[in-house]
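Secondary and tertiary structure notes
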Amino acid sequence: MRQNEKTVSPMSNEGRNAYVLEHITDAMLELMRDKPIEDISISELCETAGIGRASFYRNFNSKEDILRGYIQNIFQEWTQDDQQNEDKLLRERLRSIFSHFEAHRSFYELLNQRNLIYLLKDVIVGICGPKPEHSKIEAYARAYVAYTLYGWIEVWFQRGMKETAEEIAGLFQSQGL
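Looking at an unreviewed UniProt entry, one finds the protein chain named TetR/AcrR family transcriptional regulator and attributed to Candidatus Ruthenibacterium merdavium.

Here it is as structure tokens:
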């Protein structure tokens with residue numbers, strides 16, 4: 001059972017951690033709308049979130065870790081759906097992932113504006129990249145797909161996300177990828 005504010009006591013460790021994660025993430029996104037991440041101090045972040053510095057350091061090693069956690073959270077739903085439909089055609093999987101980006105457009109536009117798209121690389125490689133148990137040929141093939149996909153995502157963001165998810169899937173397929 002997934003924990004949320006309704007299933008976790010607010011006084012439990014899980015409740016406190018959920019509070020910290022939610023408030024620190026909201027504060028980070030709020031502050032990033034006005035300035036680059038490097039101009040946001042840990043003190044300012046904690047003050048905006050209404051938490052102590054110790055809570056920040058108990059949960060994160062860096063400000064980027066806040067965003068990595070948020071990316072993981074919003075990708076979790078897409079990943080679960082994708083794993084249930086592993087036999088989907090590549091075009092449909094691409095349309096699906098780009099639809100995810102469209103659904104969270106304001107967040108991804110903010111990442112792009114602040115030159116933080118690189119934070120997506122680990123998620124993309126984790127989804128379709130090589131694993132230690134893969135054969136040599138499969139590992140290199142998966143690396144090719146993962147980094148090509150990441151490159152397309154990065155260019156799409158930089159171009160203003162003008163093409164639809166369907167158009168991107170068609171363009172990818174037309175390249176023989």
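Don't stop here, the text continues.
Moving on, we come to the overall build of the protein chain. When helices and strands are tallied, the protein chain shows nine helices and zero strands. Along the protein chain, helices and strands appear, N-terminal first, in the series α-α-α-α-α-α-α-α-α. Put simply, 60% of the contacts in the protein chain that link residues at least 6 apart link residues at least 24 apart. Surface exposure of the protein chain reaches about 10,700 Å², of which carbon and sulfur atoms provide 49%.

Evaluation of the coordinates by the stated rule reveals 14 aromatic pairs. Consider the rings of F56 and F60, whose centres lie 5.6 Å apart with planes at 35 degrees: the pair is tilted. These aromatic residues form a ring-pair network of at least three members: Y70, F75, W78, F98, F101, F107, Y108, W156 and F157.

Rules used in this analysis
- Residues numbered from 1 in each chain as written.
- Predicted model: local features only at pLDDT ≥ 70, side-chain atom pairs only at ≥ 80, totals over all residues.
- Heavy atoms only, no water.
- Helix = DSSP H or I, 4+ residues; strand = E, 2+ residues; numbered from the N terminus.
- Contact = heavy atoms within 4.5 Å.
- Areas by Shrake-Rupley, 256 points an atom, 1.4 Å probe, with all protein chains shown as cover.
- Phe/Tyr/Trp six-rings, centres within 6.5 Å; stacked < 30°, edge-to-face > 60°.

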